[in-house]
Amino acid sequence: MLIIPSTLKIYNASAGSGKTTFLVINYLYVLLKSPYPDEFKKVLVLTFTKKASEEMKNRILQCIKEFSNKKIRKEYHFLFYYIKKKLSLTKHQLYQRSEKILFSILHDFYCFSRNISTIDKFTYNIIKSFSSERKVNLEMDIDQFLSKVVENILYRLNNSEKWSNILIQSSLEKLKKGKNWDLRKELLKIAHIMVEENNFFYVKKIMNSSLEDFMQLKNILIKRTKIFEKICKKKGEEFFELLKKSSIQKHSFIHLDLPRLFEKFKNGNIFLNPFNKRIKKYVKKGVFYSKFFSDGNQKTLIEKNIKKIIFLYEKTKYIYEKNICDYLLDKLFLKNINILSIIHEIEKELHSVKNEKKIILNTELNKILYEKIIKGTFPKIYEKIGMQYKYYFIDEFQDISFLQWQNIRILVENALSENGSAMIVGDPKQSIYRWRGGDAKQFINLIQSKSICYKKNIETIENNFRSYKEIVKFNNLFYQSISKIFNSTIYQDIYKNYQQKIQKKSGGYVEINFLNDSNNNYKEHVYSNVKNKIEKLLKKKYTLSDIAILVRTNEEGHFLSEQLVRDGLPVNTSVSLLIKNHLEIQIIINFFYIVAYPHCYQKRVVLILLLKKFIRTNKTNKNDHDFIMKILFLPLNAFIKKIMLKNSLTLNKLYNKSIYNISEEIIESFGLLNKQNSTYIYSFLDFVYRSMKKVGNSITGFLDYWEFKKEKESVVISDHINAVRIMTIHKSKGLQFPVVLIPFTDWSIYSYKNKEEVWIDVNPRFYNGLNTIYLEIETYFKHIKHDNNIRNFYENYLSNIMFDNINLLYVATTRPIEQLILFSKLKNNQSISFYIKNFLCKKRMWNEKKHKYIFGKE
């Protein structure tokens, strides 16, 4: 179990296996084994999140503090006696060593704290310490930074004749296709691509192409696609010319399949494969004539020309299947080629703004360090760090990106070559950050690959110390069952071999609820069931803070939180209670709008209606419309006087005041603050205060910033209140709760947060030297049967998304200690709910009339 010098120990640690305790034991073993109290200076612990690193520090310090006392509390007995036995020390020796280590840590706490760090912070400190600019800061708000970059680019490009022509041409091309082209949005998309780590190697390749190269390639692609479209159109016309010459009516064909196929070719509707199975069947049998068409002469005419028809069909099919893959790639790449041609201008602006603000982007840390290592310009860094650290502990390895591992691997291998040791802990089933660079396959490859440089010791931690028996049993059975859905043998084996040992011998409860979705209020129906379940749990002596509701999307969290708060149930959440949703905040924002834009009469109407809603009058004023028309076009000061609930606010009161003070004036004058909404109001004021540091005291600047941030600004709530916790499954990773409710357990196994855009390898001969192109993944890729490259690429893409979604479910269902409660509706065979039903069928539990399934006793 404990680390051995010159050995890379790899632990496959499933959820609830006590991974943190396991790491702490091994860390303490290293410290207490050494006769030197400052051995902690040679140990580096790298975690994925700040929360995990803080937990590690606290646990280690608490253990050492307890060990240094002669009276050890009961909960630390196991650790104390385990390490005592492994080190063959007496109690007194262990006390003494612990006391000296604690003293040493407290006298150099900075070193202790720095050596237990997130990977990103570790990387940042390396870059910062060797940067020519010592005052370089880390920029975490990537969205805001890129918005500034895009604003600068738009200003420059609009004042450039060359770029203006390209942008105008691009806009016209989009408009011709009936699409609205938001240039700012397109530029932001490319800017994000350039700074995201997943795109690092692809962007480096594409940066070798100039604007002229892109424009030349664009002309090549347009010409190539038009040639194919022309050929297809000609084949469609040939078919109908044949019918005309032969006096064959298209309605005489069975199911009209053949005429429809050639109609698509004639009209250029060739993106989706028109050669369906039914056409192929009738062509193979040579049956074309419809039995329901009464003209027998038509049957004779078709039979007379059947060879010509089949020849034209086969020739058309051959041309289509030979060229369609290349055509689709060309058309999809053409969508992005205009905006990609601006990539050099974006790169210039990125460097300019970063240098001006003296910042490094959080998303670029690993790229910067990797490039320095590859170029060989950082040998002294690694020489210094290599001499400093002898022991390495790496947590959550399945979430580590390729670049992160490449940057750390050099240090790990160096330590192993010098009689040091390293421990890596991970769980591929909890890999849910692929979009951020995490790759479970990297962990699998590390386990399976051989090394001549060092020994490997691979173990699986099978115990589950978190969940009660029935929950562990359910998860064991369910995930072994679901393993069969994977085509990838790697992914299949991960779940097929999943079997945790039960440590909490009895108890636990799993409940699966299938809800009727026949009405249009499915979300409300789910909420009603969730609320009822919470009320039942409270009657069984659970507290609100014992209950966690896990959701897949922020939108689900927003909905449930708003409903619970409305019904008087306290909520503690990181995903919801957006301040923009509250009436009082909408009144303040609309007031700012009418001050900033006095002639925006639409905002005046909205403000009047919001105020009417706020006072909640039950009286219906027949003259509401007349009142609005009477005051709507008044000068601003007069308008404000008419809408005031108290005549205390005038424009003069707002002059020369900060946005924060104006907000306070609006709140006071309209009487917006009360006990029920104080949390929202103070959270909004906090936002106003923070925004002033970003945009100054400009009302229009504040409103722009509000529009940019309003989808993320939520109520600030203390962690120490007794409230139901609502969070996304991503946020719940690493946490545990007595009771877990998963309200919408019915997402598609192929669902992804956005339409994914990817890089695909191509033959550079056909793409003007480019060997990789950027395009949107389209569902019709699944119809491409004749290009192994695209088919394999698409199948691998689907396999990865399926793995992401099953892993998401796994993380959610392994959070509970005592109760796991799922709510779902039956959907198609690509949904999570379908596979839950399939599992119940295999267990011979499924009954069409039954809507609740139970494992264990409540």
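Residues numbered from 1 in each chain as written. Predicted model: local features only at pLDDT ≥ 70, side-chain atom pairs only at ≥ 80, totals over all residues. Heavy atoms only, no water.

1. Notes on the overall build of the protein
- Helix and strand counts for the protein come out as 35 helices and 19 strands.
- Projected onto its principal axes, the C-alpha positions of the protein cover 110 × 80 × 65 Å.
- Within the protein, the proportion of its 858 residues that are buried is 52%.
- The contacts of the protein with a sequence gap of at least 6 include a subset with a gap of at least 24, amounting to 77%.
- With an accessible surface of roughly 43,000 Å², the protein has 51% of that area assigned to carbon and sulfur atoms.
- Charge centroids of the protein, computed over 143 positive and 85 negative side chains, lie 4 Å from each other. (Helix = DSSP H or I, 4+ residues; strand = E, 2+ residues; numbered from the N terminus. Buried < 20%, exposed > 50% of the residue type's maximum accessible area, 1.4 Å probe, protein only. Contact = heavy atoms within 4.5 Å. Areas by Shrake-Rupley, 256 points an atom, 1.4 Å probe, with all protein chains shown as cover. Lys, Arg positive; Asp, Glu negative; His and termini not counted. Charge placed at Lys NZ, Arg CZ, Asp CG, Glu CD.)

2. As for the environment of tyrosine 313
- Within the element layout of this structure, tyrosine 313 appears in helix α15 (residues 306–340).
- Expressed as a C-alpha distance, the spacing of tyrosine 313 and leucine 261, which sit 52 residues apart in the sequence, is 9.5 Å.
- Discounting residues that sit within four places of it in the chain, tyrosine 313 has contacts with Leu258, Leu261, Phe262, Phe275, Ile279, Lys280 and Val283.

3. Some thoughts on helix α20 (residues 440–448)
- Listed as buried for α20 are Ala440, Gln442, Phe443, Ile444 and Leu446.
- Taking the backbone nitrogen of lysine 441 as reference, a side-chain oxygen 3.0 Å away marks aspartate 439 as the first, capping residue of α20. (Polar contact = N/O pair within 3.5 Å; in protein donor to acceptor, adjacent residues only side chain to side chain.)

4. Details of the pairing of strand β7 (residues 421–426)
- Burial runs high along β7: 6 of the 6 residues are buried.
- Taking every second residue as pointing to the same face, both faces of β7 are buried, with Ser421, Met423 and Val425 on one and Ala422, Ile424 and Gly426 on the other.
- In the sheet, strand β6 (residues 391–394) pairs with β7 via 4 bridges, with the strands oriented parallel. Its bridge partner lying in β7, tyrosine 391 is registered against serine 421.
- As a crossover connection, the stretch from β6 through helix α19 (residues 402–417) into β7 is right-handed. (Pairing = 2+ DSSP bridges. Right-handed = clockwise from strand over helix to strand, strands pointing away.)

5. Here's the deal with the sheet that holds strand β13 (residues 571–573)
- What the 7 strands build is an open sheet, ordered β13-β14-β12-β15-β18-β11-β19; its pairing is mixed. Single-partner strands in this sheet number two, and they are β13 and β19 (852–856). Direction aside, neighbouring strands of the sheet carry axes that sit 20 degrees apart on average.
- Alignment of strand β11 (residues 509–514) against β19, held across 5 bridges, turns out to be antiparallel. For glutamate 511, the partnering residue across the bridge sits in β19 and is isoleucine 854. (Axes fitted to C-alpha atoms, helices over the stretch in contact; angles between N-to-C directions.)

6. Here we look at the nonpolar core
- Core analysis: the largest hydrophobic core is formed by 83 residues, its most contacted members being Leu187, Phe239, Phe253, Leu258 and Ile346.
- Counting residues per element, this core draws most heavily on α15, at 17 residues.
- In this structure, leucine 258 is in contact with Phe239, Phe253, Ile279, Phe288, Ile309 and Tyr313, ignoring residues within four places of it in sequence.
- Counting 48 residues, the second largest nonpolar core, distinct from the first, contains Tyr479, Phe803, Tyr853 and Phe855. (Core = buried A, V, L, I, M, F, W, Y, C linked by side-chain atoms within 4.5 Å.)

7. Overview of the pattern of salt bridges
- Under the definition given, this model contains 32 salt bridges.
- The closest approach of N and O atoms between aspartate 567 and arginine 566, which form a salt bridge, is 3.2 Å.
- Residue arginine 566 is classed as exposed on the basis of its relative accessible area of 55%.
- Beyond isolated ion pairs, a larger network of salt bridges with shared partners links Lys19, Asp395, Glu396, Asp399 and Lys733. (Salt bridge = Lys/Arg side-chain N within 4 Å of Asp/Glu carboxyl O.)

8. Considerations on the packing of helix α31 (residues 678–695) against helix α32 (residues 699–709)
- The contact between α31 and α32 brings their axes to 10 Å, and the two run at 115 degrees. Once α31 is placed against α32, the crossing between them reads as right-handed. The residues of α32 that touch α31, namely those facing Phe684, Phe687, Val688, Ser691, Lys694 and Val695, are Gly701, Phe702, Tyr705, Trp706 and Lys709. (Left-handed = near helix turned anticlockwise from the far one by under 90°.)

9. Describing the confidence of the model for the protein
- Taken as a whole, the protein shows an average pLDDT of 86; of its residues, 91% reach a score of 70 or greater.
- The weakest mean pLDDT in the protein belongs to helix α8 (residues 161–176) at 65; the strongest belongs to strand β15 (residues 737–742) at 98. (pLDDT = per-residue confidence, 0-100.)

10. Describing the sheet that holds strand β1 (residues 7–13)
- Read from one edge to the other, the open sheet built from 6 strands follows the order β3-β2-β6-β7-β1-β8, with strand pairing classed as parallel. Of all the strands in the sheet, the pair left with one neighbour each is β3 (116–118) and β8 (455–461). When strand polarity is set aside, the average angle formed by the axes of neighbouring strands in this sheet is 15 degrees.
- Bridging between β1 and β7 involves 5 bridges; their strand directions are parallel. Within β7, the position partnered with isoleucine 10 by the bridge is isoleucine 424.
- Against the sheet, α20 engages β1, β7 and β8, with an angle of about 130 degrees to β1.

11. With respect to the side chain of serine 98
- The residue serine 98 is located in helix α4 (residues 91–107) in this model.
- On the accessibility criterion, serine 98 (1% relative accessible area) is buried.
- Ignoring anything within four residues of it in the chain, the contact list for serine 98 reads Leu32, Ile64, Phe67 and Ser68.

12. As for the packing of aromatic side chains
- Applying the stated criterion across every chain, the model contains 60 aromatic pairs.
- Ring centres 5.3 Å apart and planes at 80 degrees place the aromatic pair tyrosine 479 and tyrosine 810 in the edge-to-face group. Here tyrosine 479, found in helix α21 (residues 469–482), pairs with tyrosine 810, found in helix α34 (residues 788–813); they are 331 residues apart in sequence, far enough to count as distant. Accessibility classification places tyrosine 479 together with tyrosine 810 in one group, the buried group.
- On the numbers, 6.3 Å between centres and 70 degrees between planes, the contact of tyrosine 522 with phenylalanine 744 is edge-to-face. Of this pair, tyrosine 522 sits in helix α23 (residues 522–539) while phenylalanine 744 sits in the loop between β15 and β16 (757–761); the two residues are 222 residues apart in sequence, bridging distant segments of the chain.
- The buried category is assigned to tyrosine 522, whose relative accessible area is 10%.
- Taking the relative accessible area as the measure of exposure, phenylalanine 744 reaches 6% and is therefore buried.
- Grouping aromatic residues by their ring pairs yields a cluster made of Phe474, Phe478, Tyr479, Phe486, Tyr491, Tyr495, Tyr498, Phe803, Tyr810, Phe839 and Phe855.
- For the cation-ring pair, lysine 603 lies above tyrosine 593, with the distance from its terminal atom to the ring centre recorded as 4.2 Å.
- The lysine or arginine in question, lysine 825, covers the ring of tyrosine 522, its NZ or CZ lying 4.2 Å from the ring centre. (Phe/Tyr/Trp six-rings, centres within 6.5 Å; stacked < 30°, edge-to-face > 60°. Lys NZ or Arg CZ within 6 Å of the ring centre and 35° of its normal.)

13. A closer look at helix α1 (residues 19–33)
- Taking 1.5 Å of rise per residue, the 15 residues of α1 would be expected to cover 21 Å, and the 21 Å separating its terminal C-alpha atoms lies within 8% of that figure.
- Buried residues dominate α1, accounting for 13 of its 15 residues. (Expected span 1.5 Å × (residues − 1).)

14. Observations concerning the environment of threonine 814
- Relative to the assigned elements, threonine 814 resides in the loop between α34 and β18 (816–824).
- Those residues in contact with threonine 814 that lie beyond four places of it in its chain are Ala15, Arg466, Ser467, Asn475 and Tyr498.
- At a separation of 2.7 Å, a polar atom in the side chain of threonine 814 contacts the main-chain carbonyl oxygen of tyrosine 810.

15. Observations regarding the packing of helix α25 (residues 583–596) against α32
- Orientation of α25 relative to α32, taken along the N-to-C sense of each, is 140 degrees, at an axis distance of 10 Å. In terms of their interaxial angle, α25 and α32 are classed as oblique. When you trace α25 past α32, the crossing you get is left-handed. When α25 is examined against α32, the residues Ile585, Ile589, Phe592, Tyr593, Val595 and Ala596 are found in contact with a partner set consisting of Ile699, Thr700, Phe702, Leu703, Trp706 and Glu707.
- Across the contact of α25 with α32, the residue classes break down as 10 nonpolar, 1 polar and 1 charged. (Parallel < 35°, antiparallel > 145°, perpendicular 65-115°, else oblique. Nonpolar A, V, L, I, M, F, W, Y, C, P; charged D, E, K, R; others polar.)

16. Comments concerning a positive patch on the surface
- Residues Lys233, Lys250, Arg260, Lys264 and Lys266 make up a contiguous surface patch of positive charge.
- Element by element, the count of residues in the positive patch is highest for helix α12 (residues 257–267), at 3 residues.
- Summarising the element assignment, lysine 233 is placed in helix α11 (residues 211–246). (Patch = residues over 30% accessible without salt bridge, like charges linked within 9 Å, V, L, I, M, F, W, Y side chains within 5 Å.)

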